[in-house]
Structures are given as structure tokens and as C-alpha cells.
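# Coordinate inspection notes
Here is what each chain is made of, one letter per residue.
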Amino acid sequence: SQQGEEDPQALSIQEGENATMNCSYKTSINNLQWYRQNSGRGLVHLILIRSNEREKHSGRLRVTLDTSKKSSSLLITASRAADTASYFCATHLQGAQKLVFGQGTRLTINP
Amino acid sequence: EAGVAQSPRYKIIEKRQSVAFWCNPISGHATLYWYQQILGQGPKLLIQFQNNGVVDDSQLPKDRFSAERLKGVDSTLKIQPAKLEDSAVYLCASSQRTGGNSPLHFGNGTRLTVT
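Residues numbered from 1 in each chain as written. Chains lettered and ligands numbered in written order. Predicted model: local features only at pLDDT ≥ 70, side-chain atom pairs only at ≥ 80, totals over all residues. Heavy atoms only, no water.

## Concerning the interface of chain B and chain A
Test applied: Note on contacts: a residue pair is in contact if any heavy atoms of the two residues lie within 4.5 Å. A pairing counts as a salt bridge when a side-chain nitrogen of Lys or Arg comes within 4 Å of a carboxyl oxygen of Asp or Glu. Within 3.5 Å is the distance limit for a polar contact, defined as a pair of N or O atoms, with the added protein rule that one can donate a hydrogen and the other accept it, and that residues adjacent in sequence qualify only through two side-chain atoms. Strands here are runs of E lasting at least two residues and helices are runs of H or I lasting at least four, both read from the DSSP assignment and numbered beginning at the N terminus. The nonpolar class holds Ala, Val, Leu, Ile, Met, Phe, Trp, Tyr, Cys and Pro. Asp, Glu, Lys and Arg form the charged class, and all remaining residues, Gly among them, are polar.
With 25 residues of chain B at the interface, the matching set in chain A holds 20 residues. Residues Lys98(A) and Asp56(B) are paired through a salt bridge, measuring 3.4 Å at the closest nitrogen-oxygen approach. At the surface where chain B touches chain A, the tally comes to nine residue pairs in polar contact (both at pLDDT 80 or more). Elements with a minimum of two residues in the side of chain B that touches chain A: β4 (31–37), β5 (44–50) and β6 (53–56) of chain B. The residue makeup of the side of chain B that touches chain A, split by class, is eight nonpolar, 14 polar and three charged.

Following this line, the structure appears as C-alpha cells:
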């Protein structure tokens, strides 16, 4: 069964604009992670946010977590063509020892 | 540090044939994962090892898929016999700590096409 669901499934914006992707999940988590996947490559870890954290930053990335709404968002500011990729959220469920990935958001940055 | 190594990069086989994939994790990473990623979908965990023991293989189709991690280092995933629906990218990943407590480091995957 799918734990995390990303929204939107696809997003196309102009270079320089901000991109926001959302992830919703169903059960309690220990942490939530965001990954990027370029075409034909493996996934690359971006940010890990723990259940007792509300916001984390890494460069142009900002992740928020709202455990009451069981949702997270990934904001990429001042987007670049190189940000074109698929972005996945992954949840570490309480009581489990594995990460469950969502279906991903396909982001396209137009020059 | 060297990344997760996988081979082969691509493989094309006919249905009912067998195939094997190899993975060498990052040195010192105790946990190793095999994920299946069908085109347009997120990765699905097939099996997770902690050293050379299996932590989770609940979604591994055990009638045709097998995996081993001898000596707690590199790992092989085998499919025998392959079906058309096995066409996917098979991703290997490793992490320092087990099951979700630390980031996963992925290889570039093996793209399998079953005809």
C-alpha cells in the first residue's frame, strides 16, 4: 500500500520561479525524507526531517512538516534548469524499519 | 567516498529466462536494500539486509526472486524465471543505520527489459 502521496504529479515552471511540492501520508512517522532522481539515475537524498521538527533548510531547499495534518512540503527557490528531475518523499513509519516511497512529482524547469 | 556500485547497467532477456544483478554498497554501510522501480512510479522495497541477515522481504515475490548478501558486503538479486511485468529498474541502496533512520545512498540501477 502507498504511504506517501505527492502532489502535483507533474509541475512545469519558468527558470527563476519557486517550485512547491507536497507529500501527504497516512500513519505516524519517525521521519520523512525527500529525494531527487534525474532521468536514468539513482535517487539522491536531499533532506531528512524528524517528526519533532517543523522546518529544515538546505541551500535553496526548504522542507516543512505538519504532523497534525500528516503532510510535508518541499520548496525549491529560484529554480534552475538543473533542478529538472523527479522528486520523491519517503516516510519512515513508526514501528517499522523501512522507508516507503511515494509516486513522485516530475518537475520541469523551462529556460 | 565511492558510491554504490551496480552492474550490469542494462539487461534485456526473454520471458522465462533468468537474470542476476550485483551490488556493492558504500564501505561500512551495514544496511543494504533492493528496490524495484517501474516506469513512472516510486521505488518499491523488495528486500532489506542488515549485515547478512534479512530485515524485511515482505514484498519480494519469493517464487521467482531471491537475494543474498554473503559476508555482509556485496549482494546479488536473481529472478528466475522472469515475467514481462518484471521489466523495471532495480535499484540498490545502502545506509549507515538500519531502516529509515539515516539517508539512503542509491546506485544508478539496472534497467531490465523482459521481452
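## What to know about the nonpolar core
Definition in use: What is meant by a nonpolar core is a set of buried Ala, Val, Leu, Ile, Met, Phe, Trp, Tyr and Cys residues, joined one to another through side-chain atoms within 4.5 Å. When accessible area is computed with a 1.4 Å probe and restricted to protein chains, residues below 20% of their type maximum are described as buried, those above 50% as exposed, and intermediate ones as partly exposed.
Membership of the largest hydrophobic core comes to 23 residues, with the highest contact counts inside it found for Met21(A), Leu32(A), Trp34(A), Leu74(A), Ile76(A), Tyr87(A) and Leu107(A). Broken down by secondary-structure element, the contributors of at least two residues to this core are β3 (19–24), β4 (29–37), β5 (43–50), β7 (61–66), β8 (71–76), β9 (85–93) and β11 (105–110) of chain A. The greatest single-element share of this core, amounting to four residues, is contributed by β9(A). In this structure, Val19(B), Phe21(B), Trp34(B) and Ala82(B) belong to the second largest nonpolar core, which totals 21 residues.

## Here's the deal with the state of the cysteines
Heads up, the rule is: Cysteine sulfur atoms that come within 2.5 Å of each other are treated as a disulfide pair.
Tallied over the entire structure, the rule returns two disulfides over all chains. A sulfur-sulfur separation of 2.0 Å characterises the disulfide bridge that pairs Cys23(A) with Cys89(A). Here Cys23(A) and Cys89(A) share a disulfide; its torsion about the S-S bond, 65°, makes the bridge right-handed. With Cys23(A) in strand β3 and Cys89(A) in strand β9, this residue pair connects regions lying 66 residues apart in the sequence. We classify Cys23(A) as buried; its relative accessible area is 2%. Judged by relative accessible area, which is 1%, Cys89(A) ranks as buried. Across the disulfide from Cys23(B) sits Cys92(B); the S-S distance is 1.9 Å. A torsion of -70° about the S-S bond marks the disulfide between Cys23(B) and Cys92(B) as left-handed. On the criterion of sequence distance, the pair formed by Cys23(B) in strand β3 (residues 19–24) and Cys92(B) in strand β9 (residues 88–95) is long-range, its members being 69 residues apart. By the burial criterion, Cys23(B) is buried, and Cys92(B) matches it.

## Observations regarding the sheet that holds strand β7 (residues 65–68) of chain B
Residues and elements named next belong to chain B. Counted only if it meets this: Here, a strand pair is defined by DSSP locating no fewer than two bridges between the strands. A fitted line through C-alpha atoms serves as each axis, taken over the contacting stretch for helices, and the angle formed by two N-to-C directions is quoted from 0 to 180°.
Read across the open sheet, the four strands follow the order β1-β3-β8-β7; overall the sheet is antiparallel. Because the sheet does not close on itself, it has two edges, and the strands there are β1 (5–7) and β7. Sheet twist, expressed as the mean angle between neighbouring strand axes with direction ignored, is 15°. Taken together, the four bridges between β7 and strand β8 (residues 75–79) define a ladder with antiparallel strand orientation. Each residue of the ladder has a partner; that of Ser66, found in β8, is Lys78.

## Some words on the pairing of β9(A)
Residues and elements named next belong to chain A. Along β9, nine of the nine residues are buried, which leaves the element largely enclosed by surrounding structure. Across the two faces of β9 the burial is the same, with Ala85, Tyr87, Cys89, Thr91 and Leu93 and Ser86, Phe88, Ala90 and His92 all buried. Examined bridge by bridge, β4 and β9 share eight bridges and lie antiparallel to one another. Within the sheet, the bridge partner assigned to Gln37 lies in β9 and is Ser86. Of the pairings in the sheet, the one linking β9 to β11 comprises three bridges and is antiparallel in character. Considered in β11, the bridge of Ser86 is made with Arg106. Direction of pairing for β9 relative to strand β10 (residues 99–101): antiparallel, over a ladder of three bridges.

## Considering the pattern of salt bridges
Inspection of the entire model under this criterion finds five salt bridges over all chains. Close ionic contact of Glu55(A) with Arg62(A) constitutes a salt bridge, the shortest N to O distance being 3.2 Å.

## As for unusual backbone geometry
Cis geometry marks the peptide bond from Asp7(A) to Pro8(A); its omega dihedral reads 0°. In this structure, Pro8(A) sits in the loop between β1 (5–7) and β2 (10–14). Backbone geometry places Ala78(A), a non-glycine residue, at a positive phi of 45°. Here Ala78(A) lies in the loop between β8 and β9. Positioned with a positive phi, Asn51(B) is a non-glycine residue whose angle comes to about 55°. By secondary structure assignment, the location of Asn51(B) is in the loop between β5 and β6. For Asn51(B), a relative accessible area of 40% translates into the label partly exposed.

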